[in-house]
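Topology and contacts: notes
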Amino acid sequence: MDKLIKATALNGDVRIIAAESTELVDKGVKIHQCAPTAAAAFGRMLTAGALMGSMLKSKQDSITIQISGGGEAKGVVVTSYADAHVKGYIGNPAADLPANSKGKLDVAGIIGLEGNLTVIKDMGLKEPYVGQSPISTGEIGEDLAYYFTVSEQTPSAVGLGVLIDTDCSVKAAGGFIIQMMPGANEMVTDILTYRLQEIPSITEMISNGMGIEDIIKYIFEDMQLNILESTVPEYRCDCSKEKVEKALISIGKEELEEIYNEGKTEEIQCHFCNKTYSFNHEEVGKLLHESSK
Ligand SMILES: [Zn+2]
């Protein structure tokens, strides 16, 4: 079962956020009907979203992560919230490539290297916080680690994995963000780096039946691990007819008038969950009236 945990280790010098996200990723991949490589890229982004969303302090806050490197995937965007619910879309869900030299799905190949990773945090202030770093490898986990280090000055290790079954369903997905708190002993970084290189991949451990808590206990054995809280991350879209109405009104009077004069039923599909909202002639007229106020 999907689970996200927050913990500290080494007397609070290390902060850990980790999740199993198999069901969440499977749902997102099915909604967007992703090809295997696209599924792996999208799944890593969704997992990153759930992890980073849970780092937000307030329930109303949201975080959006975008990665756009000029590759076949045509960009991936995810938005998540403090309760670790997440939604997203991939520009080209059919993006797929032969396995890379390591025999793995070529996520970096479809993301591309010419572009940036952008993080937008909306914390209810006038302007959202926007941080950006260039794509380093296109594998997403390493790009996020690089982002944390250069843009937020927090040395971090990020592991993200998605294992796709032969029938294209998601066999295992999960990830972790491990951060050094300011003033942490440098030796801690060395010990952790070494240990993270030693362990099997997170998806390998999950598909072997280990829960996320077991995995973190295994990594942080003898390191004063303190599990603080756990929650269930999930793929969930919060769209509604009212929200789509607002979006329609915001496109402006002229365009609405054009839609109205065509006299057809206007169909709008949500990018995140593919749900279709339709507005008949009369409803479009009402929105036009509202936009003219
Ligand atoms: Zn939706």
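Report follows, based on the coordinates. Bear in mind the structure is a predicted one, so any value in this text is a computation, not a measurement.

Attention now goes to the overall build of the protein chain. Counting its secondary structure elements, the protein chain contains 10 helices and 13 strands. Relative to the 2.2 N^0.38 estimate, which gives 19 Å for 293 residues, the radius of gyration of the protein chain is 21 Å and therefore close to what a compact globule would have. Seen through its principal axes, the protein chain has C-alpha atoms that stretch 70 × 45 × 35 Å. Counting over 293 residues, the protein chain shows a buried share of 46%.

Remark: a regular strand shows side chains that alternate across the two faces of the sheet. Here strand 13 (residues 276-279) shows a buried face lined by Y277 and F279 and an unburied face lined by T276 and S278. Inspection of the sheet shows strand 12 (residues 266-269) paired to strand 13 by 4 bridges, in the antiparallel sense. Across the sheet, Q269 pairs through a bridge with T276, a residue of strand 13.

Attention shifts here to the packing of aromatic side chains. Enumeration over the complete set of coordinates arrives at 2 aromatic pairs. The ring of F279 carries the charged tip of K241 above its face, separated from the ring centre by 4.7 Å.

The relative placement of two packed helices comes down to the angle between their axes together with the axis-to-axis distance. Remark: helix 8 (residues 241-250) packs on helix 10 (residues 281-291), axes separated minimally by 10 Å, with the N-to-C direction vectors making an angle of 55 degrees. Between helix 8 and helix 10, the angle falls in the class oblique. In this structure, helix 8 crosses over helix 10, and the sense of that crossing is right-handed. Seen from helix 8, the contacting residues are K241, E245, L248 and I249; seen from helix 10, they are E283, L287, E290 and S291. Classifying every residue of the contact of helix 8 with helix 10 gives 3 nonpolar, 1 polar and 4 charged.

As a further point, take the pairing of strand 1 (residues 3-9). Taken across its 7 residues, strand 1 has 5 buried, putting it largely inside the fold. Counting the residues that bridge the hairpin from strand 1 to strand 2 (residues 14-20) gives 4 residues, and of these L10 lies at a positive phi of roughly 50 degrees. Pairing of strand 1 with strand 10 (residues 226-231) involves 5 bridges; the strand directions are antiparallel. Paired with L4 across the strands is T231, a residue of strand 10.

Strands pair in a sheet through their backbones, by hydrogen bonds, and they do so in one of two ways: parallel or antiparallel. One open sheet accounts for 6 strands, arranged 7-6-3-4-5-11; its pairing is mixed. Each having just a single partner strand, strand 7 (129-134) and strand 11 (234-235) make up the two edges of the open sheet. Both strand 3 (residues 62-68) and strand 4 (residues 76-81) contribute to a ladder of 6 bridges, which runs antiparallel. Within strand 4, the position partnered with I67 by the bridge is V76. Taken strand by strand, helix 4 (residues 141-151) contacts strand 3, strand 6 (116-122) and strand 7, and its axis lies near 120 degrees from that of strand 7.

On the surface, E254, E255, E257 and E258 cluster together into a patch of negative charge. Mapped onto the elements of the fold, E254 is located in helix 9 (residues 253-262). E254 sits in the exposed class, given a relative accessible area of 68%.

Turning our eyes to something else, we now look at the pattern of salt bridges. The full count for this structure, using the stated rule, is 12 salt bridges. A salt bridge links E152 to K121; its shortest N-O distance comes to 3.1 Å. Of this pair, E152 sits in the loop between helix 4 and strand 8 (156-164) while K121 sits in strand 6; the two residues are 31 residues apart in sequence, bridging distant segments of the chain. Residue E262 is joined to K264 by a salt bridge in which the shortest nitrogen-to-oxygen separation is 3.6 Å. The class of K264 is exposed, set by a relative accessible area of 53%. Bridged by salt links that share partners, the residues K3, E213 and K217 form one connected network.

This next bit is on the coordination of the zinc ion. In this structure, C237 (SG), C239 (SG), C270 (SG) and C273 (SG) serve as the protein donors to the zinc ion, at separations of 2.2 to 2.3 Å. Coordination at the zinc ion is tetrahedral, judged from the 4 donor atoms that bind it and the angles of 104 to 115 degrees they form at the metal. Expressed as a motif, the donor residue spacing for the zinc ion is C-x1-C-x30-C-x2-C. Here C239 is found in the loop between strand 11 and helix 8, whereas its partner C273 is found in the loop between strand 12 and strand 13, with 34 residues between them in sequence.

Per the stated rule, a full pass over the model turns up 0 disulfides. The cysteine C34 is free of any disulfide, with C168 supplying the nearest cysteine sulfur at 9.2 Å. Overall, the relative accessible area of 8% leaves C34 in the buried class.

About the thresholds
Residues numbered from 1 in each chain as written. Predicted model: local features only at pLDDT ≥ 70, side-chain atom pairs only at ≥ 80, totals over all residues. Heavy atoms only, no water. Helix = DSSP H or I, 4+ residues; strand = E, 2+ residues; numbered from the N terminus. Rg over C-alpha atoms; globule rule 2.2 N^0.38 Å. Buried < 20%, exposed > 50% of the residue type's maximum accessible area, 1.4 Å probe, protein only. Pairing = 2+ DSSP bridges. Phe/Tyr/Trp six-rings, centres within 6.5 Å; stacked < 30°, edge-to-face > 60°. Lys NZ or Arg CZ within 6 Å of the ring centre and 35° of its normal. Axes fitted to C-alpha atoms, helices over the stretch in contact; angles between N-to-C directions. Parallel < 35°, antiparallel > 145°, perpendicular 65-115°, else oblique. Left-handed = near helix turned anticlockwise from the far one by under 90°. Contact = heavy atoms within 4.5 Å. Nonpolar A, V, L, I, M, F, W, Y, C, P; charged D, E, K, R; others polar. Patch = residues over 30% accessible without salt bridge, like charges linked within 9 Å, V, L, I, M, F, W, Y side chains within 5 Å. Areas by Shrake-Rupley, 256 points an atom, 1.4 Å probe, with all protein chains shown as cover. Salt bridge = Lys/Arg side-chain N within 4 Å of Asp/Glu carboxyl O. Lys, Arg positive; Asp, Glu negative; His and termini not counted. Charge placed at Lys NZ, Arg CZ, Asp CG, Glu CD. Donors = N, O, S within 2.8 Å, 3.2 Å for Na, K, Ca; no water. Tetrahedral: all angles 85-135°; square planar, octahedral: opposite > 155°, others 65-115°. Disulfide = S-S within 2.5 Å.

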